[in-house]
Amino acid sequence: MRLRAAAEFSTQAFIHAVIVSASWDALSMERRAAVEALEAVEACVAALAVVVRGADRTGSGDAGPLRQLADDFLDGLAEASRMDAKMAALKVRLTAGYSEAGQAMASPAASPQDHAAQEMAVVAEVACEPVKLFV
């Protein structure tokens, strides 16, 4: 009986170790993806700074100064739009990483209702985080 209990415990410990290891690998991948998304945002911010400061004057001298200024503003808007898209991608990566970490830390759901409650808790936490920043 003791041998069987020890074997079951060893099997459960092994399964738990495999699950934790897989979760850790998934979290590492999410972290790398988030870092890549952040680097893309940083590149957009640098490009936007160049445009806003007016250092990106590659146009021909034929256009008047007002035309060049209008083009600079349009270039700035275009770069800001690219930055918005990159920020959205970063938010998705951070949310996915948080969700993965939450699932890895949570105990297995005993029922479908428990599973649904765990998912709703993650959604609520992520949804309320921006509100906490302004309170």
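Calculation rules
Residues numbered from 1 in each chain as written. Predicted model: local features only at pLDDT ≥ 70, side-chain atom pairs only at ≥ 80, totals over all residues. Heavy atoms only, no water. Helix = DSSP H or I, 4+ residues; strand = E, 2+ residues; numbered from the N terminus. Buried < 20%, exposed > 50% of the residue type's maximum accessible area, 1.4 Å probe, protein only. Contact = heavy atoms within 4.5 Å. Areas by Shrake-Rupley, 256 points an atom, 1.4 Å probe, with all protein chains shown as cover. Salt bridge = Lys/Arg side-chain N within 4 Å of Asp/Glu carboxyl O. Patch = residues over 30% accessible without salt bridge, like charges linked within 9 Å, V, L, I, M, F, W, Y side chains within 5 Å. 1 Å grid on protein atoms, 1.4 Å probe; cavity = no way out; pocket = protein on both sides within 12 Å on 5 of 7 lines; lining within 4 Å. Points joined across faces, edges and corners; volume = space filled by probe spheres on them. Nonpolar A, V, L, I, M, F, W, Y, C, P; charged D, E, K, R; others polar. Expected span 1.5 Å × (residues − 1). pLDDT = per-residue confidence, 0-100.

Engineer: What am I meant to see in the overall build of the chain here?
Structural biologist: Along the chain, the regular secondary structure elements total three helices and zero strands. Looking at the chain as a whole, 14% of its 135 residues qualify as buried. By sequence separation, contacts in the chain at least 24 residues apart represent 75% of the contacts at least 6 residues apart. Summing over all exposed atoms, the chain offers an accessible surface of approximately 10,500 Å²; the carbon and sulfur share of this is 66%.

Engineer: Explain the pattern of salt bridges here, please?
Structural biologist: In a structure, side chains of opposite charge can pair up when their charged atoms sit close to one another. Taken as a whole and assessed by the stated rule, the structure comprises two salt bridges. Across the pair Arg-82 and Glu-79 runs a salt bridge, and its minimum N-O distance is 2.8 Å. Here the residue Arg-82 and the residue Glu-79 both occupy positions in helix H2 (residues 65–105), the gap between them amounting to three residues, near one helical turn.

Engineer: What is the right way to read a nonpolar patch on the surface from this model?
Structural biologist: Nonpolar side chains collect at one region of the surface, where Leu-66, Leu-69 and Phe-73 lie side by side and expose about 350 Å² of accessible area between them. Relative to the helices and strands, Leu-66 resides in helix H2.

Engineer: Sorry, what's going on with the layout of surface pockets here?
Structural biologist: Over the atoms, a rolled probe matching the size of one water molecule traces out where space is still vacant. Counted as a void, the second largest pocket has a volume near 280 Å³. Leu-27, Glu-30, Arg-31, Ala-34 and Gly-97 are, among the 12 residues lining the second largest pocket, the residues nearest its centre. Among the secondary structure elements, those contributing two or more residues to the lining of the second largest pocket are helix H1 (2–53) and H2. Within the lining of the second largest pocket, the residues separate by chemical class into seven nonpolar, two polar and three charged.

Engineer: What's the story with H2 in this structure? I'm lost.
Structural biologist: Given 3.6 residues per helical turn, the α-helix brings residues three or four places apart onto the same face. Here H2 spans 59 Å end to end across 41 residues, near enough to the 60 Å set by a 1.5 Å rise per residue. For H2, every residue scored as buried is listed here: Gln-68, Asp-72, Gly-76, Glu-79, Met-83, Leu-90, Gly-97 and Gly-102.

Engineer: Can you help me understand the environment of Val-51 in this one?
Structural biologist: With respect to the helices and strands, the residue Val-51 is situated in helix H1. Taking the C-alpha atoms as reference points, Val-51 and Gly-76, separated by 25 residues in sequence, lie 5.7 Å from one another.

Engineer: Help me understand the confidence of the model for the chain in this model?
Structural biologist: Detailed reading of the predicted model is not advised wherever pLDDT is low. On average, residues of the chain carry a pLDDT of 77, and 72% of them reach 70 or more. Of all helices and strands in the chain, the one with the weakest mean pLDDT is H1 (71), whereas H2 scores best (88).

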